[in-house]
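In case you want the letters, here they are:
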Amino acid sequence: MKPGNLLVPALVAGSIALAETPPGGSNWSPGDPHLNVVPRTRDEKARIAAVTAMATDFAAPQLYENRPAGAATVRVTGTSDAFSQPSANISFESELDFKVGNGLFRKLWVSSPSSTLASDGLGPLYNARSCQRCHIKDGRGHPPENAEDNAVSMFLRVSVPGPQEAAIAGIEDYIASLPDPTYGTQLQDFAVQGRAAEYEIGITYTEEIIRLADGTEVSLRHPTYTALNLGYGPLHPEAMLSPRVAPQMIGLGLLEAVPATDILAGADPDDLDGDGISGRPNIVWSHEFGQPMLGRFGLKAGSPTIRQQSAEAFRGDIGISSPLFPSGAGECTEAQSACLTARHGDGDDRITEIDDAGLDLVTFYSRNLAVPARRAPDDPQVMLGKKVFYETGCMACHTPSFVTHRLKDRPEQSFQLIWPYTDMLLHDMGPGLADNRPEARATGQEWRTPPLWGIGLTAQVSGHTYFLHDGRARSLLEAVLWHGGEAESQRDAVVNMTTTDRDALIRFLESL
């Protein structure tokens with residue numbers, strides 16, 4: 001049930017053709033409790049169906065394709081700040097909230113006790129002292145480039161298999177897992193003074209040469225990850241490690257505003273249409289709303305909202321408590337007693353180390369980081385690349401466009417035609433990219449389709465071209481050649497392409 005064969009008629013009919021049991025379990029009800037929605041009219045549904053229909057003519061760009069974030073799209077700057085602009089349609093008053101949120105996003109937290117009471121509470125274990133230290137210039141992080149480089153924008157998640165009773169009731173196919181009994185769910189490579197860090201990340205690579213049909217040779221690097229210099233004893237014997245590089249931040253608020261039913265319309269878990277693509281939604285627990293919700297954010301769609309994802313990052317990355325996760329010890333476990341009993345920054349007027357107001361401001365900032373305009377969408381080579389993209393079947397997962405909900409209280413994201421090139425669903429990418437660590441319903445081989453908007457500005461913003469969940473790919477071509485599983489036929493098509501078509505495909509991706 002791909003966008004080309006279900007989404008359009010479903011929208012015209014005004015309903016989504018879901019199975020009798022919604023994907024995710026009988027106790028889960030598809031919906032958007034995080035949004036204040038104005039229901040679509042019949043006329044609007046018909047207009048949306050027409051404007052989001054898949055391209056069939058590649059002689060010219062589609063209408064409004066040059067503005068991937070709709071009215072929120074900003075002009076491209078020639079600097080590394082290209083991903084750090086507010087939504088173009090933001091009000092003057094809201095821009096102040098954006099700037100204050102930016103200040104909190106960049107703020108360096110300090111350990112307790114401290115005279116700077118509004119900024120204390122760091123750690124005791126952490127990966128970075130600020131959000132910006134991982135999401136550098138609001139762009140992508142990177143793996144260490146050499147032995148002297150740090151891993152501040154990369155870490156290892158960890159968990160162990162759990163008993164069935166650890167699964168969340170009401171979420172079908174939920175894969176039970178538990179934190180490592182000593183190290184929790186995330187390994188932190190820094191600690192406040194007087195405390196031991198949990199580990200140092202170790203990465204080694206082996207190279208594999210892929211020969212393309214035109215004779216071009218491309219080297220893929222296969223990483224191996226180890227947790228070195230463990231500060232609190234051994235990991236659990238069944239510990240599962242998953243490397244994560246910080247993703248880019250643009251367009252998050254628009255992805256949050258896409259109707260869940262439109263995302264679910266692209267799901268085909270049993271591959272009923274026989275095209276080899278079996279997208280599945282990840283259904284996760286919402287700590288905000290106390291119910292299962294559609295996962296949208298994170299490399300495996302493990303978080304339902306920007307606010308929850310922000311609070312999770314404060315807890316795991318910086319060791320900062322919030323109203324959603326109030327533990328002042330952050331990720332510390334019962335096995336780390338000195339960490340649990342250390343002085344924390346909560347308990348003052350803030351109650352938690354970042355309070356509701358602060359978390360809301362960081363959420364607003366993250367929601368309104370704007371997507372830059374397309375570059376040369378009408379260039380003949382770009383148009384050829386778009387044709388190749390479609391003919392190869394890339395759009396089966398990288399869904400080009402959606403229209404967001406009409407919203408009563410978020411004008412920046414309300415009723416926008418957007419071009420993110422993602423279906424926000426989970427796909428089996430094969431053993432080559434597997435981390436072998438489940439997350440909610442996502443298996444160890446499944447990943448959420450990443451948005452492609454802004455991908456061509458990675459070098460400008462981040463100073464590198466490292467892609468995929470762990471930065472192993474050093475170019476867009478390498479990233480494509482890592483595709484397996486459901487995308488193996490598309491990967492093979494790229495291997496066998498003519499030089500002209502392959503170069504055009506890469507040029508199209510760089511224009512996004």
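Structure's up top.
Residues numbered from 1 in each chain as written. Predicted model: local features only at pLDDT ≥ 70, side-chain atom pairs only at ≥ 80, totals over all residues. Heavy atoms only, no water.

A. A look at the overall build of the protein. Helix and strand content of the protein: 14 helices and 15 strands. A compact globule built from 512 residues should have a C-alpha radius of gyration of about 24 Å, and the protein, at 22 Å, falls within 12% of that. Principal axes of the C-alpha set define a box for the protein whose edges measure 65 × 55 × 50 Å. A burial count over the protein gives 56% of its 512 residues as buried. Across the protein, contacts joining residues at least 24 apart in sequence account for 70% of those joining residues at least 6 apart. Only carbon and sulfur atoms are counted for the fraction: they give 52% of the accessible area of the protein, which is about 20300 Å². Each charge class in the protein was averaged separately, 42 positive and 64 negative side chains, and the resulting centres sit 5 Å apart. (Helix = DSSP H or I, 4+ residues; strand = E, 2+ residues; numbered from the N terminus. Rg over C-alpha atoms; globule rule 2.2 N^0.38 Å. Buried < 20%, exposed > 50% of the residue type's maximum accessible area, 1.4 Å probe, protein only. Contact = heavy atoms within 4.5 Å. Areas by Shrake-Rupley, 256 points an atom, 1.4 Å probe, with all protein chains shown as cover. Lys, Arg positive; Asp, Glu negative; His and termini not counted. Charge placed at Lys NZ, Arg CZ, Asp CG, Glu CD.)

B. How the structure looks around the pattern of salt bridges. One pass over the full model with this rule turns up 27 salt bridges. Among the ionic pairs, Arg410 bridges to Glu256, the shortest N-O distance being 3.0 Å. Taken together, the residues span a long stretch of sequence, with Arg410 in the loop between strand 12 (406-407) and strand 13 (417-418) and Glu256 in helix 5 (residues 252-256) at a distance of 154 residues. Comparing Arg410 with Glu256, the two get one shared label, buried. With a closest N to O distance of 3.4 Å, Arg507 and Asp379 form a salt bridge. (Salt bridge = Lys/Arg side-chain N within 4 Å of Asp/Glu carboxyl O.)

C. Structural view of the environment of Pro323. Mapped onto the secondary structure, Pro323 falls in the loop between helix 7 (306-318) and helix 8 (337-340). For Pro323, a relative accessible area of 35% gives the class partly exposed. Sequence separation between Pro323 and His287 is 36 residues; the distance between their C-alpha atoms is 10.0 Å. Not counting chain neighbours up to four residues away, the residues in contact with Pro323 comprise Thr352, Ile354, Asp355, Asp356 and Leu359.

D. Here's a closer look at the packing of helix 10 (residues 380-392) against helix 14 (residues 499-511). For the pair helix 10 and helix 14, interaxial distance at closest approach is 7 Å and the crossing angle is 100 degrees. Taken together, helix 10 and helix 14 sit at an angle that is classed as roughly perpendicular. Contacts from Gln381, Val382, Leu384, Gly385, Lys386, Val388 and Phe389 in helix 10 reach Thr500, Asp501, Asp503, Ala504, Leu505, Arg507, Phe508, Leu509 and Ser511 in helix 14. (Axes fitted to C-alpha atoms, helices over the stretch in contact; angles between N-to-C directions. Parallel < 35°, antiparallel > 145°, perpendicular 65-115°, else oblique.)

E. Region of interest: the packing of helix 3 (residues 92-106) against helix 9 (residues 356-367). Packing of helix 3 against helix 9 leaves a shortest axis separation of 7 Å and a crossing angle of 105 degrees. Of the possible angle classes, the one that applies to helix 3 and helix 9 is roughly perpendicular. Counted together, Ser94, Asp97, Phe98, Val100, Gly101, Asn102, Leu104 and Phe105 of helix 3 and Gly358, Leu361, Val362, Phe364, Tyr365 and Ser366 of helix 9 form the full contact between these two elements.

F. Focus on the pairing of strand 9 (residues 283-286). The pairing of strand 9 with strand 10 (residues 291-294) spans 4 bridges and is antiparallel. Looking across to strand 10, one finds that Trp285 is bridged to Pro292. The antiparallel pairing of strand 9 with strand 10 creates a hairpin that spans 4 residues between the two strands, and Gly290 there sits at a positive phi of about 60 degrees. (Pairing = 2+ DSSP bridges.)

G. Summary view of the nonpolar core. Of all hydrophobic cores here, the largest spans 49 residues; its most connected members are Trp109, Leu294, Phe314, Ile318 and Trp453. The set of elements that each furnish at least two residues to this core consists of helix 3, helix 5, helix 6 (260-264), helix 7 and helix 9. Ignoring anything within four residues of it in the chain, the contact list for Leu294 reads Trp28, Ala260, Ile263, Leu264, Pro281, Asn282, Ile283 and Pro304. (Core = buried A, V, L, I, M, F, W, Y, C linked by side-chain atoms within 4.5 Å.)

H. Quick look at the side chain of Ser87. Along the chain, Ser87 turns up in the loop between helix 2 (42-51) and helix 3. Once you skip the residues sitting within four places of it in the chain, Ser87 turns out to touch Ala72, Val74, Asn368, Ala370, Glu412 and Gln413.

I. Representation of the sheet that holds strand 3 (residues 154-161) in the model. In spatial order, the strands read 4-3-8; together these 3 strands make up an open sheet with antiparallel pairing. Edge positions in the open sheet fall to strand 4 (177-178) and strand 8 (240-245), since each of these has one partner strand only. Strand direction decides the pairing type here: strand 3 and strand 4, joined by 2 bridges, are antiparallel. The residue bridging Pro161 from the neighbouring strand is Ser177, located in strand 4.

J. Fine view of the packing of aromatic side chains. With the rule as written, the count across this model stands at 10 aromatic pairs. Consider the rings of Tyr421 and Phe508, whose centres lie 6.0 Å apart with planes at 75 degrees: the pair is edge-to-face. Residue Tyr421 is found in the loop between strand 13 and strand 14 (426-428), and its partner Phe508 is found in helix 14; the two are separated by 87 residues along the sequence. With respect to burial, Tyr421 and Phe508 carry one shared label: buried. In this structure an aromatic cluster arises from ring pairing among Phe58, Phe389, Tyr390, Tyr421 and Phe508. The ring of Tyr205 carries the charged tip of Arg221 above its face, separated from the ring centre by 4.3 Å. The ring centre of Phe415 lies 4.0 Å from the NZ or CZ of Arg406, which sits over that ring. (Phe/Tyr/Trp six-rings, centres within 6.5 Å; stacked < 30°, edge-to-face > 60°. Lys NZ or Arg CZ within 6 Å of the ring centre and 35° of its normal.)

K. View of the environment of Thr363. The residue Thr363 is located in helix 9 in this model. Judged by relative accessible area, Thr363 falls into the buried class, the value being 2%. Separated by 78 residues in the primary sequence, Thr363 and Trp285 place their C-alpha atoms 19 Å from one another. If sequence neighbours within four positions are ignored, Thr363 has contacts with Ile306, Arg307 and Ser310.

L. Quick look at helix 7. A rise of 1.5 Å per residue sets the reference length of helix 7, with its 13 residues, at 18 Å; its end C-alpha atoms lie 17 Å apart and thus fit the reference within 8%. Just downstream of helix 7, Gly319 is the residue with a positive phi angle, here 75 degrees. (Expected span 1.5 Å × (residues − 1).)

M. Up close: the pairing of strand 6 (residues 200-211). Pairing of strand 6 with strand 7 (residues 217-228) involves 12 bridges; the strand directions are antiparallel. When the sheet's bridge partners are listed, Tyr205 is paired in strand 7 with Pro223. Between strand 6 and strand 7, which pair antiparallel in sequence order, lie 5 residues; one of them, Gly215, sits at a positive phi of approximately 95 degrees.

N. A look at the environment of Ala213. Along the polypeptide, Ala213 turns up in the loop between strand 6 and strand 7. You can call Ala213 exposed: its relative accessible area is 53%. With 115 residues separating them along the chain, Ala213 and Gly328 place their C-alpha atoms 56 Å apart. Those residues within four positions of Ala213 in sequence are excluded, and the remaining contacts are Val495, Asn496 and Met497.

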